[in-house]
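# Residue-level structure breakdown
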Amino acid sequence: MDKKTLIIFTGGPGTGKSKTAEKFMDFLADDQIVKISYDEIKEKNWDRFGFDDQGEKERLDHWSLEEFYLTLGKRMWEEKTIVVEYPFCQKHKSGFSELLTKYGYCAVTVCLYTDYRTEYERSILRGSNTSRHPGHLLSTYHKETFHEEILSKMEQPSYEEFVSRIAAKDYNIALGESILLDVTDFSRIDYESVFTRISGL
(Lines give C-alpha, C1' and ligand atoms only; values in the text may rest on other atoms or scores of the structure.)
Protein backbone atom coordinates (compact mmCIF):
# COMPACT_ATOMS: atom_id res chain seq x y z
CA MET A 1 0.00 0.00 0.00
CA ASP A 2 1.00 3.63 -0.42
CA LYS A 3 3.52 4.56 2.29
CA LYS A 4 1.81 7.91 2.79
CA THR A 5 -1.34 6.38 4.24
CA LEU A 6 -2.96 6.87 7.65
CA ILE A 7 -5.15 3.97 8.82
CA ILE A 8 -7.56 5.02 11.57
CA PHE A 9 -9.34 2.44 13.73
CA THR A 10 -12.14 4.14 15.64
CA GLY A 11 -15.33 3.19 17.45
CA GLY A 12 -17.01 3.24 20.83
CA PRO A 13 -15.78 1.58 24.01
CA GLY A 14 -15.59 -2.20 23.89
CA THR A 15 -15.48 -2.47 20.11
CA GLY A 16 -12.00 -4.02 20.01
CA LYS A 17 -10.04 -1.22 18.36
CA SER A 18 -6.66 -2.11 19.90
CA LYS A 19 -6.88 -5.81 19.10
CA THR A 20 -8.10 -5.13 15.56
CA ALA A 21 -5.22 -2.72 14.94
CA GLU A 22 -2.76 -5.30 16.27
CA LYS A 23 -4.27 -8.00 14.04
CA PHE A 24 -3.95 -5.65 11.05
CA MET A 25 -0.27 -4.98 11.73
CA ASP A 26 0.37 -8.71 12.13
CA PHE A 27 -1.45 -9.29 8.85
CA LEU A 28 0.80 -6.86 6.96
CA ALA A 29 3.95 -8.00 8.82
CA ASP A 30 5.76 -4.84 7.70
CA ASP A 31 8.25 -3.39 10.17
CA GLN A 32 8.08 -0.06 8.34
CA ILE A 33 4.53 0.53 9.59
CA VAL A 34 4.32 2.79 12.63
CA LYS A 35 1.59 2.57 15.29
CA ILE A 36 0.95 5.70 17.35
CA SER A 37 -1.17 5.38 20.49
CA TYR A 38 -2.92 8.42 21.93
CA ASP A 39 -3.77 6.30 24.99
CA GLU A 40 -0.09 5.58 25.64
CA ILE A 41 0.71 9.30 25.45
CA LYS A 42 -2.10 10.09 27.90
CA GLU A 43 -1.00 7.35 30.30
CA LYS A 44 2.59 8.58 30.23
CA ASN A 45 1.48 12.11 31.11
CA TRP A 46 -0.95 10.92 33.80
CA ASP A 47 1.96 9.10 35.46
CA ARG A 48 4.28 12.06 35.06
CA PHE A 49 2.01 14.89 36.19
CA GLY A 50 -1.06 13.35 37.86
CA PHE A 51 -4.37 15.19 38.27
CA ASP A 52 -6.55 16.24 41.22
CA ASP A 53 -9.94 16.62 39.55
CA GLN A 54 -11.77 16.14 36.28
CA GLY A 55 -10.84 19.63 35.06
CA GLU A 56 -7.12 18.97 35.49
CA LYS A 57 -7.50 15.62 33.79
CA GLU A 58 -9.23 17.20 30.79
CA ARG A 59 -6.51 19.85 30.44
CA LEU A 60 -3.82 17.17 30.64
CA ASP A 61 -5.66 15.11 28.02
CA HIS A 62 -5.79 18.19 25.77
CA TRP A 63 -2.02 18.62 26.05
CA SER A 64 -1.59 14.91 25.35
CA LEU A 65 -3.70 15.29 22.21
CA GLU A 66 -1.40 18.07 21.02
CA GLU A 67 1.57 15.76 21.64
CA PHE A 68 -0.22 13.03 19.68
CA TYR A 69 -0.72 15.37 16.69
CA LEU A 70 2.94 16.48 16.87
CA THR A 71 4.07 12.85 16.88
CA LEU A 72 1.74 12.06 13.98
CA GLY A 73 3.10 15.02 12.01
CA LYS A 74 6.68 13.89 12.64
CA ARG A 75 5.92 10.42 11.30
CA MET A 76 4.11 11.88 8.29
CA TRP A 77 7.18 14.02 7.58
CA GLU A 78 9.14 10.74 7.53
CA GLU A 79 6.56 9.36 5.04
CA LYS A 80 5.69 6.34 7.16
CA THR A 81 2.58 4.21 6.85
CA ILE A 82 0.79 4.96 10.12
CA VAL A 83 -1.82 3.11 12.19
CA VAL A 84 -3.76 4.84 14.98
CA GLU A 85 -6.56 3.54 17.20
CA TYR A 86 -8.76 5.35 19.70
CA PRO A 87 -12.44 6.30 20.09
CA PHE A 88 -11.85 9.21 17.73
CA CYS A 89 -14.97 11.29 17.13
CA GLN A 90 -15.92 14.45 15.25
CA LYS A 91 -13.88 16.77 17.50
CA HIS A 92 -10.70 15.03 16.27
CA LYS A 93 -11.57 15.23 12.58
CA SER A 94 -10.19 18.72 11.90
CA GLY A 95 -6.82 17.90 13.50
CA PHE A 96 -6.45 14.84 11.27
CA SER A 97 -7.64 16.73 8.18
CA GLU A 98 -5.06 19.48 8.62
CA LEU A 99 -2.21 16.97 8.87
CA LEU A 100 -3.44 14.91 5.93
CA THR A 101 -3.50 18.03 3.76
CA LYS A 102 -0.18 19.39 5.03
CA TYR A 103 1.75 16.18 4.36
CA GLY A 104 -0.17 14.94 1.32
CA TYR A 105 -1.46 11.79 3.02
CA CYS A 106 -4.47 9.66 2.17
CA ALA A 107 -6.56 8.05 4.90
CA VAL A 108 -8.58 4.93 5.57
CA THR A 109 -11.13 5.02 8.40
CA VAL A 110 -12.28 1.72 9.89
CA CYS A 111 -15.21 2.36 12.23
CA LEU A 112 -16.03 -0.54 14.54
CA TYR A 113 -19.60 -0.59 15.84
CA THR A 114 -22.16 -2.57 17.80
CA ASP A 115 -25.27 -1.84 19.88
CA TYR A 116 -25.17 0.15 23.14
CA ARG A 117 -25.99 -2.83 25.33
CA THR A 118 -23.05 -4.85 23.99
CA GLU A 119 -20.73 -1.85 24.37
CA TYR A 120 -21.91 -1.35 27.95
CA GLU A 121 -21.38 -4.99 28.97
CA ARG A 122 -17.90 -5.02 27.45
CA SER A 123 -16.98 -1.72 29.11
CA ILE A 124 -17.98 -3.13 32.52
CA LEU A 125 -15.63 -6.06 31.91
CA ARG A 126 -12.87 -3.66 30.88
CA GLY A 127 -13.44 -1.67 34.07
CA SER A 128 -12.59 -4.74 36.12
CA ASN A 129 -9.37 -5.31 34.17
CA THR A 130 -6.59 -4.37 36.59
CA SER A 131 -4.00 -4.29 33.79
CA ARG A 132 -5.69 -1.23 32.33
CA HIS A 133 -4.26 2.12 33.42
CA PRO A 134 -6.31 3.48 36.37
CA GLY A 135 -6.26 6.98 34.89
CA HIS A 136 -8.97 5.87 32.45
CA LEU A 137 -11.36 5.28 35.35
CA LEU A 138 -10.45 7.91 37.94
CA SER A 139 -10.96 11.67 38.23
CA THR A 140 -8.10 11.93 40.77
CA TYR A 141 -4.82 10.14 40.18
CA HIS A 142 -1.18 10.37 41.25
CA LYS A 143 1.13 7.46 40.53
CA GLU A 144 3.00 7.89 43.81
CA THR A 145 -0.10 7.54 46.00
CA PHE A 146 -2.30 5.22 43.94
CA HIS A 147 -3.21 1.78 45.28
CA GLU A 148 -5.50 -0.92 43.86
CA GLU A 149 -8.08 -0.59 46.65
CA ILE A 150 -9.23 2.70 45.15
CA LEU A 151 -10.59 0.88 42.09
CA SER A 152 -12.38 -1.76 44.16
CA LYS A 153 -14.44 0.99 45.83
CA MET A 154 -15.59 2.53 42.54
CA GLU A 155 -19.20 2.16 41.40
CA GLN A 156 -19.82 1.14 37.82
CA PRO A 157 -21.97 3.55 35.78
CA SER A 158 -25.53 2.52 35.06
CA TYR A 159 -26.54 1.60 31.53
CA GLU A 160 -28.41 4.91 31.22
CA GLU A 161 -25.37 6.91 32.37
CA PHE A 162 -23.16 5.04 29.93
CA VAL A 163 -25.46 5.68 26.97
CA SER A 164 -25.88 9.37 27.81
CA ARG A 165 -22.10 9.75 27.80
CA ILE A 166 -21.52 8.26 24.35
CA ALA A 167 -24.80 8.71 22.47
CA ALA A 168 -23.92 12.16 21.14
CA LYS A 169 -20.53 11.05 19.82
CA ASP A 170 -20.15 10.19 16.16
CA TYR A 171 -17.17 7.86 15.94
CA ASN A 172 -17.27 7.45 12.17
CA ILE A 173 -15.07 10.40 11.24
CA ALA A 174 -15.08 9.05 7.65
CA LEU A 175 -11.73 10.39 6.50
CA GLY A 176 -10.68 8.98 3.14
CA GLU A 177 -11.96 5.50 2.37
CA SER A 178 -14.52 4.58 5.04
CA ILE A 179 -15.14 0.99 6.19
CA LEU A 180 -17.83 0.03 8.71
CA LEU A 181 -17.19 -3.15 10.69
CA ASP A 182 -19.89 -4.80 12.81
CA VAL A 183 -18.17 -6.23 15.89
CA THR A 184 -21.22 -7.52 17.76
CA ASP A 185 -19.82 -11.05 17.49
CA PHE A 186 -16.02 -11.09 17.26
CA SER A 187 -16.00 -14.75 16.21
CA ARG A 188 -17.91 -13.97 13.01
CA ILE A 189 -15.62 -11.21 11.74
CA ASP A 190 -13.68 -11.99 8.59
CA TYR A 191 -10.61 -9.94 9.52
CA GLU A 192 -8.56 -11.15 6.57
CA SER A 193 -11.16 -9.90 4.09
CA VAL A 194 -11.26 -6.48 5.76
CA PHE A 195 -7.46 -6.23 5.96
CA THR A 196 -7.07 -7.32 2.35
CA ARG A 197 -9.46 -4.55 1.32
CA ILE A 198 -7.51 -1.96 3.32
CA SER A 199 -4.10 -3.01 1.97
CA GLY A 200 -5.45 -3.01 -1.59
CA LEU A 201 -6.51 0.63 -1.50
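Described below are features of the structure shown in this document. In this convention, every chain numbers its residues from 1, walking through the sequence in written order. Thresholds applied to this predicted model are a pLDDT of at least 70 for local features of residues and 80 or more for the giving and counting of side-chain atom pairs; totals over whole chains, interfaces and linings are not thresholded and use all residues. Only hydrogens and water are set aside when side-chain values are computed; all heavy atoms of the structure are taken into account.

### Focus on the overall build of the protein chain
Check the secondary structure of the protein chain and you find eight helices and five strands. Helix and strand assignments come from DSSP, with helices taken as H or I runs of at least 4 residues and strands as E runs of at least 2, each series counted from the N terminus. Counting helices and strands in the order they occur from the N terminus, the protein chain gives β-α-β-α-α-β-α-β-α-α-α-β-α. By the compact-globule yardstick of 17 Å for 201 residues, the protein chain fits well, its C-alpha radius of gyration being 17 Å. Taking the principal axes of its C-alpha atoms as reference, the protein chain extends roughly 50 × 35 × 30 Å. Looking at the protein chain residue by residue over its 201 residues, the buried ones come to 43%. The contacts in the protein chain between residues at least 6 apart in sequence include a share of 79% that link residues at least 24 apart. The globule rule is 2.2 Å times the number of residues to the power 0.38, and the radius of gyration it is compared with is taken over C-alpha atoms. Here the term buried applies to any residue with accessible area under 20% of the maximum for its type, exposed to any over 50%, and partly exposed to those in between, with areas from a 1.4 Å probe on protein chains only. What makes two residues a contact is simply this: any of their non-hydrogen atoms within 4.5 Å.

### Quick look at helix α3 (residues 54-77)
A rise of 1.5 Å per residue sets the reference length of α3, with its 24 residues, at 34 Å; its end C-alpha atoms lie 34 Å apart and thus fit the reference within 8%. When α3 is considered as a whole, its buried residues turn out to be K57, L60, D61, S64, L65, F68, Y69, L72, G73 and M76. Buried residues belonging to α3 abut β1 (5-11), β2 (34-36), α2 (38-49), β3 (82-85) and α4 (90-103). Under the convention used throughout, the expected extent of a helix is 1.5 Å for every residue step, that is, one less than its residue count.

### Regarding the nonpolar core
L6, F68, L72, M76, V84 and F96 are the most contacted members of the largest nonpolar core, which has 23 residues in total. Contributions of two or more residues to this core are made by β1, β2, α2, α3, β3 and α4. Here this core takes five residues from α3, the largest share from any one element. When residues no more than four places from it in sequence are discounted, the contact partners of L72 are L6, I36, I82, V84, F96 and L99. Here, the term nonpolar core denotes a set of buried Ala, Val, Leu, Ile, Met, Phe, Trp, Tyr and Cys residues that are joined through side-chain atoms within 4.5 Å.

### Quick notes on the sheet that holds β2
Pairing between two strands requires that DSSP report at least two bridges joining them. An order of β2-β3-β1-β4-β5 is seen for the five strands of this open sheet, with the pairing classed as parallel. The sheet is open, and its two borders are formed by β2 and β5 (177-182), each paired with just one other strand. For this sheet, the mean inter-axis angle between neighbouring strands, taken without regard to orientation, is 20°. By the bridge criterion, three bridges tie β2 to β3 in an arrangement that is parallel. What sits directly across from K35, in β3, is V83. For helices, the axis comes from a line fit to the C-alpha atoms of the stretch in contact; other axes are also lines fit to C-alpha atoms, and the angle between any two N-to-C directions lies between 0 and 180 degrees. Where α4 meets the sheet, its contacts fall on β1, β3 and β4 (106-113), and the angle it forms with β1 comes to roughly 170°. Most of the contacts of helix α8 (residues 191-199) go to β5, to which it runs at about 175°, and overall it touches β1, β4 and β5.

### Looking at unusual backbone geometry
Unusually for a residue other than glycine, E79 sits at a positive phi of about 60°. When you line up the elements, E79 lands in the loop between α3 and β3. In this structure E79 comes out as partly exposed when scored by relative accessible area, which is 44%. The backbone of A174 shows a phi angle near 50°, a positive value even though the residue is not glycine. Note that A174 resides in the loop between α7 (159-166) and β5.

### Observations concerning a negative patch on the surface
A patch is a set of surface residues, each over 30% in relative accessible area and not in a salt bridge, joined within 9 Å for like charges and within 5 Å for the nonpolar side chains Val, Leu, Ile, Met, Phe, Trp and Tyr. Here, Shrake-Rupley sampling with a 1.4 Å probe gives the accessible areas, and only protein chains in the shown set may cover a residue. Salt bridges are defined by distance alone: a side-chain nitrogen of Lys or Arg within 4 Å of a carboxyl oxygen of Asp or Glu. Think of it this way: Lys and Arg go in the positive column, Asp and Glu in the negative one, and His and the chain ends go nowhere. The atoms used to mark charge sites are NZ of Lys, CZ of Arg, CG of Asp and CD of Glu. A grouping of D115, E121, D182 and D185 is seen on the molecular surface, where their side chains present a negatively charged patch. For D182, a relative accessible area of 39% translates into the label partly exposed.

### Things to note about the side chain of K42
One can find K42 in helix α2. K42 gets classed as buried once you look at its relative accessible area, which sits at 6%. Setting aside its immediate chain neighbours within four residues, K42 contacts D61, S64 and Y86.

### A look at the pairing of β1
Most of β1 is tucked away, with seven of its seven residues classed as buried. Here β1 shows two buried faces, one formed by T5, I7, F9 and G11 and the other by L6, I8 and T10. Where β1 and β4 come together, seven bridges link them in parallel fashion. Paired with I7 across the two strands is V108, which belongs to β4. In terms of strand pairing, β1 meets β3 through four bridges, oriented parallel.

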